[in-house]
Each structure stands twice: as structure tokens, then as C-alpha cells.
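Descriptive structure summary
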Amino acid sequence: MAVTESVREGASDSAGASAVHEGILRRQSARESSARTYARALPIVPVRARGLTIEGADGRRYLDCLSGAGTLALGHNHPVVLEAIRKVLDSGAPLHVLDLATPVKDAFITELFRTLPPGLADHARVQFCGPAGTDAVEAAFKLVRAATGRTGMLAFSGAYHGMTAGALEASGGACDVRVARLPYPQDYRCPFGVGGEHGAELAARWTESVLDDPKSGVPRPAGMILEPVQGEGGVIPAPDGWLRRMRQITADRSIPLIADEVQTGVGRTGSFWAVEHSGVTPDVMVLSKAIGGSLPLAVIVYRDELDAWQPGAHAGTFRGNQLAMAAGTATLAYVRENRLAERAAELGSRMLQQLQRLAAEFACIGDVRGRGLMIGVEVVEPQGESPMDEGRPAILAAIERVGVAGRERGPRAALEGHGGGVGQADLSASVQAGARNDLGWTGGGAGGLAGLGPARSAGGSPEGVALGSAGARAAVPRGPDHHPRPAAPELAAAIQQECLRRGLIVELGGRHSSVVRLLPPLTISDEQAAAVLDRLADAVEAVSRGRAGRTGSSGSTGHTGRHRTHQPHSGHRQHGDRGDRAG
């Protein structure tokens, strides 16, 4: 009798929790605007959270690899963050002070400046902005325009800098703007069709041409803004050599360089600030998300010689968020003292290697890339066909052939024609045939950017662009016939939903929303990372198998390289237990 009542009570509690969950979601749909985003793909109602784990109103537990879009460097409700907030609340200190000086603010600035790249901290000023990264971007634009007397801006294709008017102008989807758009180098979908060292070189030379050609239609700008890793653009790390080249190009022409570190900062990419991988010191840094320790906070830090503002040139009611400053100070200090950036680099490298093995097994994964714990898995059509060389300028086909040879034996060997590769004569003939007319470029790969040589994967095979740190990029191995397959946003959305069914929260990004993004907290353990990858692998397998079942007639599973029916690992059945421990 007692057992029966207990079962009924449990069923009743479960039904009640489910009713609460569904009711909240219904009211959200009825009352909130059509602009809501994450709530559409992630119909959960969080009620408790700790570290990597979120518990919903329906009692389900999830591993959160969205982390507030990268805001939660220490995960949910980290003890040092909660203690810092409680201390301010218990002290009786004012919570709202506009831009007045306070001990809490002073401590935050001191800790922030302690972490800044060498060359900036000793000559820096800080401006507190409205509590969102997009307002800090607006402030950076105002700053460099005031300092230079110029108005235009340089930005990059695929960029994302926020949702206010000026920030949107500099983002990838903008139109009818006063911002000149430049190519951002990437390997898998190189805008020049070549990738690697040669694609980065072409991107840099295009930038120089735009700035130096008096008929380019682009007057001398007030500044250049870039992301060291494009996040919403698809998790695309900038090659270190290319980033140094952008620094040199802007410095030589007295153009302030703005680094948008809103999502890449505070250890996310394996260095405290992502620009440190390349040794670049920007003129302005835009900071938000993790610097507030999970609470709203945004600042710009810039060289003091740019401080040409008049009083009140950029203001905001909520610039003095004392709780966010306290939480931010605790977060910055904890990441620095516990060397979490180094931990992110090491763990991120291992996760990329494991995901690369997954990519070799499933044809729907076109590329795996990232830096530190900022990881992207690009989902593509497994049977998709991409345009080949037909109709392309001769120079592009020649450079691509050189690029393939260069990845296999090194760029100089390729250009010299060693080992049966494309020789200098082949390239020269193509250049003479069409290079000057097509691209205005007559150089080969041997004179490319320093630091942009072939990267080596965990297996030791050269591939793609060297990013200057182990595991910075783990691209899917490429052959001489490689061409990127079409993006598959529907498959990516299906993988995201299968992840959610398995208790894993991931974000989608990229040009076509076809990149599955992992942004776990820097405190994630090895066991938690294994659970995340297990669940993601299960989700990819389920979607791949389901698609093969709908479209295949020969019993193929849709996997590449293996002809067998996949069975879940024994560990997959332990997701619930592992998830509990993950919290």
C-alpha cells in the first residue's frame, strides 16, 4: 500500500512539474516578442544550475555548452562569484552609482588591467558602457572617430559585433552602410577558393589594395574592427600571421585597430585574451560577457592617446553595475590564479582531436575547428556536390593546386615543383595568363605571411593554416580533390535537437546556421568533456542514420569509411549518471 502511494505521488509530482514547464513555455510564446531566439530551439525552463549543469522545471538535467553564449567562464553559480555578490549585498554598499568611483569599481579596474596584453596596460584608459557588448562596440566607434576625425570603418565578412545600429553596420549581414567589408581568411570556405597560407595572403593583399588604391572607393577609415576568432560567423580562428599583418597594415597607416574580445576573452581561446596568441597589441579592446562574472557589464580599454572624448560623449544609466563588477573581479582573478586559460588550451586541443575522428566517420561533418574551448563543427550535406574549377580564373586554379602541394610538402617545395607537384613554371604560366587581370597579384606562396605555414594535427599530418598553438585548429584532412560541400542548416538543427533530447545544450552559428558550437565553461572536467562528446556523437549518429534511412535504398548507414551498423558505446547508457556527476 505504502509503495503504491509512493509511486502515485511520484507520478503526480512528475505530472505537476511537466504542467508547470509547459505552462511557462505557453505563456512565453503568447507574451514575448517574435524576436526571441534561443527559446525557440531550446524549449527548456531552467530553475536550478550549478557549473555545467542546468535543471529544468520538468526535472530534466542538461549539460550546458552554450554558457550564456560564452558569458559563464566559471559556469553557473560558481562559489567565488556567489561569495563576491553576497559580500557586496551584505556590506550595504550602493548598487547603482552611475560612473562614480567606488571601492568595488577600483578593485575591478585593477584586476582587469593586471590581465591586459603587454604594451596596453601601462598606457590604458577604460570606459564603462551600457551593460552589453554592442554598446561597447558603439563606444569604440565613437572613440576612434573622435580621435582621428574620420568616419568610415573597416570590418570583415562573417563578423558579428552586436545588434545596435552601428554594430550591425560592421556585422556580416549589413547592407547600405558606411563600413567597408574585407575578406576574413578561412580554410574550409576560403573566399578565394584556395584556403590555407595562400588564402590568408590574398586576404591581406586585398586589404592593402583597398587602403592604398586611391580609386578603391574606400577613404582612409577611422578604424578597423575584427574578431580574433569569429564566433557567430562559424568559429573561424584568424591565422596568427594574418592578424600580425593586420596590425602592421593599420599601424603603418595610422588606423586604430579594434579587437572585439566580447566572446573570446577571459581565457576562452586558451590565452587570457585571444590577441595574445599572435602577440598583437590592439589600440582598442571591446570587452563584455565573461568580464561580468555572469552579470551584465561592458567596457572598452584603449590607448590613452586616443582619449579625445568630451565629457558625456558616451554615457549610460547602468554603467555602474556594482554587483557585476564584484562578480567580474572574482572571475578574472580566479581564471588568472588557476591558469584556466592554459587548461582551456589543453582540453580544447584534445576535444578537437576527438571531434576530428568523429568527422572522419560521418560524412555530414565537413570541418572541425576552433581554439581552446571555443569549438565549431560544420555540418554539410553528406552527398552534396560543390562547384569545381569550371569558369574560375586560371590563377585561382593554379593557386589551389599549389596550396594542395604546399599542404603536403610545404609551400616552398610546392613552388619549386619538387616531387611531381605544381612547379613555379606552371604557376607563372597561369599568372601570365590571367593573374594581373583577375586579382592584381603576381606572387607565389613562397613569399607568404610569416607564421602561416602548414599546421600539424594530432596525427602529424600538415593541414591548413598554422595558428601558433597545439590543437588550435583540427581541420578534417583534405585531399587534392577537396571542395567544401554545401552547408546543411536543417541537419545542424536536427543535431541540435538530438543533443537536447540527450541532455546536451549546444548553439548553432555560422553563415547558414550550420555550425554546431561548443562553449563550455572553463571549469569543465575531463569527465564532463567526455560526456559532452559522447552525447554529441550519439546525436550525429542518430541524425546520420535517420537521413540514410529516408534517402538510402542499399542499407547504408550514411557513414564514411565503415560498413557496419553502429551500436552505442556501453558508456552511452550511463548519460544520466554521468550528467548527475557533471554538475
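- In the nomenclature of an unreviewed UniProt entry, the protein corresponds to Diaminobutyrate--2-oxoglutarate transaminase from the organism Streptomyces sp. R11.
- Per UniProt, the comment on the protein under Cofactor (unreviewed entry) is "pyridoxal 5'-phosphate".
- Turning to the protein, the UniProt annotation filed under Sequence similarities (unreviewed entry) states: "Belongs to the class-III pyridoxal-phosphate-dependent aminotransferase family."

1. Observations concerning the pattern of salt bridges
- Under the defined criterion, the tally for this structure stands at 27 salt bridges.
- For the salt bridge of E55 with R61, the shortest nitrogen-to-oxygen distance reads 4.0 Å.
- For R61, a relative accessible area of 34% gives the class partly exposed.
- A salt bridge links R343 to D526; the nearest nitrogen and oxygen atoms lie 2.9 Å apart. Note that R343 is positioned in helix α11 (residues 340-361) and D526 in helix α16 (residues 526-551), a separation of 183 residues in sequence.
- A relative accessible area of 24% places R343 in the partly exposed class.
- Linked by salt bridges that have partners in common, E111, R114, R336 and E337 make up one network.

2. Things to note about the packing of helix α4 (residues 79-91) against helix α10 (residues 322-337)
- Viewed as axis vectors pointing N to C, α4 and α10 meet at an angle of 145°, and their least axial separation amounts to 8 Å. Between α4 and α10 the crossing geometry is right-handed. Packed against α4, whose contacting residues are V80, V81, A84, I85, V88 and L89, the element α10 presents L323, A326, A327, A330, T331 and Y334 at the interface.
- For the contact of α4 with α10, the per-class residue count stands at 11 nonpolar, one polar and no charged.

3. A word on the packing of helix α8 (residues 196-212) against helix α9 (residues 240-252)
- One can describe the packing of α8 onto α9 by two numbers: an axis separation of 10 Å at closest approach and a directional angle of 10°. Taken together, the axes of α8 and α9 lie roughly parallel to each other. The handedness of the crossing between α8 and α9 comes out as right-handed. Counted together, A200, E201, A203, A204, R205, T207, E208 and L211 of α8 and W242, R245, M246 and I249 of α9 form the full contact between these two elements.
- Taken together, the residues that form the contact of α8 with α9 break down as seven nonpolar, one polar and four charged.

What counts as what
By convention here, each chain's residues receive numbers from 1 onward along its written sequence. The predicted origin of the model limits local features to residues at a pLDDT of at least 70 and limits the giving and counting of side-chain atom pairs to 80 or more, whereas totals for whole chains, interfaces and linings rest on all residues. Hydrogens and water are ignored here; the side-chain numbers use all heavy atoms of the structure. UniProt positions are given in the numbering used here, feature names are shortened, and annotations may be inferred rather than shown by experiment. When a carboxyl oxygen of Asp or Glu is within 4 Å of a side-chain nitrogen of Lys or Arg, the pair counts as a salt bridge. Each residue gets one of three labels from its accessible area relative to the maximum for its type: buried under 20%, exposed over 50%, partly exposed in between, using a 1.4 Å probe on protein chains only. The helix count covers DSSP runs of H or I at least four residues long, the strand count covers runs of E at least two residues long, and both are numbered beginning at the N terminus. With axes taken as lines fitted to C-alpha atoms, and helix axes fitted only over the stretch in contact, angles between N-to-C directions fall between 0 and 180 degrees. In this scheme the crossing of two helices becomes right-handed for a clockwise turn of the near helix relative to the far one and left-handed for an anticlockwise turn of less than a right angle. The criterion used for residue contact is that any of the two residues' heavy atoms lie within 4.5 Å. Under the scheme applied here, ten amino acids are nonpolar (Ala, Val, Leu, Ile, Met, Phe, Trp, Tyr, Cys and Pro), four are charged (Asp, Glu, Lys and Arg), and all others, including Gly, are polar. Oblique is the label for every angle not falling under 35 degrees (roughly parallel), over 145 degrees (roughly antiparallel), or within 65 to 115 degrees (roughly perpendicular).

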